[in-house]
Amino acid sequence: MQTITASRSDWIHPFTGLRPTQFRRLVRLVAARGGSAIADGRPGRQWALHLADRVLLVAAYWRTNLTMRQLGLLFGVSHSTAHRVIDSLGRLLALAPVRRRPRDQIAIVDGTLVPTGDHRLAAQSKNYRYSANLQVAIDTNTRRVIALGKPQPGNRNDTVAYRTSGIATALAGRTVMADGGYQGNPEAIIPHRKPRDGSPLPKWKERLNAEHRAIRARIEHTLARMKTYKILRDYRRAGTTLATTAAGIAHLHNIALAG
């Protein structure tokens, strides 16, 4: 199998968050998904970079959010080649749908705003920037991402985005935990709310809310780790590619957790 250029081996962990053995497994998976083929499938010149270097280039782009010209200089290719590599391999890095799950699996869901300039997707949101609402669900025990919603306009609150993004369908049949912003979705377990008359919650409800917060914090930690990939802080690509990019980053996150 093609290996990464020796001079770039030290880039693996900073750009991917993976150990070398994990990265090699990822490259084998991408190869099995057709990553060795030329971008458009037609006869022509082979890639200037080995497959492992191309996988690293995509991860480096997600991690740093460099421009194509900067990325090309970093890897010694043209900016157009860097662009083609990202377009061809990004979808092959995406998280595969979960086919089977433990019967007692509990999911935690939350949304995060991804700033993007593509107004075909984005809308002005509570952070006063044009953003997309990305719904993410993790397994409570393993903390791995198990589902992603289709990005929604940022002015949609979580309770609406949960239904319209498709993540509710993906999580059907699971027990789902969420914060109070998901009120109105009866299948979601949310914290107890204070009575309308302003009276305090009973002690047992306060204890349950505290336990709920402690467990729900796991999804917040996951979102924070996913956003160490700076592309999710300022998404400059077409909005139609955001779902694939988020799925690829979720996949890298899951591999890193797998050990």
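Here the structure is a predicted model, which means the values were calculated and not measured.

Criteria and cut-off values
Residues numbered from 1 in each chain as written. Predicted model: local features only at pLDDT ≥ 70, side-chain atom pairs only at ≥ 80, totals over all residues. Heavy atoms only, no water. Helix = DSSP H or I, 4+ residues; strand = E, 2+ residues; numbered from the N terminus. Rg over C-alpha atoms; globule rule 2.2 N^0.38 Å. Contact = heavy atoms within 4.5 Å. Areas by Shrake-Rupley, 256 points an atom, 1.4 Å probe, with all protein chains shown as cover. Lys, Arg positive; Asp, Glu negative; His and termini not counted. Charge placed at Lys NZ, Arg CZ, Asp CG, Glu CD. Expected span 1.5 Å × (residues − 1). Buried < 20%, exposed > 50% of the residue type's maximum accessible area, 1.4 Å probe, protein only. Pairing = 2+ DSSP bridges.

1. A short note on the overall build of the protein chain
A tally of helices and strands in the protein chain yields 9 helices and 7 strands. Compactness check: the protein chain gives a C-alpha radius of gyration of 20 Å against a globular reference of 18 Å for 259 residues, within 12% of the reference. Along the longest, intermediate and shortest principal axes, the C-alpha atoms of the protein chain span 70 × 40 × 30 Å. For the protein chain, long-range pairs separated by at least 24 residues make up 62% of all intrachain contacts whose partners lie at least 6 apart in sequence. On the protein chain, roughly 13,600 Å² of surface is accessible, and the fraction owed to carbon and sulfur atoms is 52%. When the 41 positive and 16 negative side-chain charges of the protein chain are each reduced to one mean point, those points stand 5 Å apart.

2. Digging into helix α8 (residues 203-226)
Taking 1.5 Å of rise per residue, the 24 residues of α8 would be expected to cover 34 Å, and the 35 Å separating its terminal C-alpha atoms lies within 8% of that figure. If you check which residues of α8 are buried, you get N209, H212, R216, A217, I219, T222, L223 and M226. Elements in contact with the buried residues of α8: β1 (106-115), β3 (130-139), β4 (145-148), β6 (175-177), β7 (188-189) and α9 (242-258).

3. Side note on the pairing of β4
Note: β3 against β4, 3 bridges, orientation antiparallel. In the strand pairing of β4, A137 is matched with A147. Here β3 hands over to β4 after 5 residues, with R143 in that stretch at a positive phi of 65 degrees.

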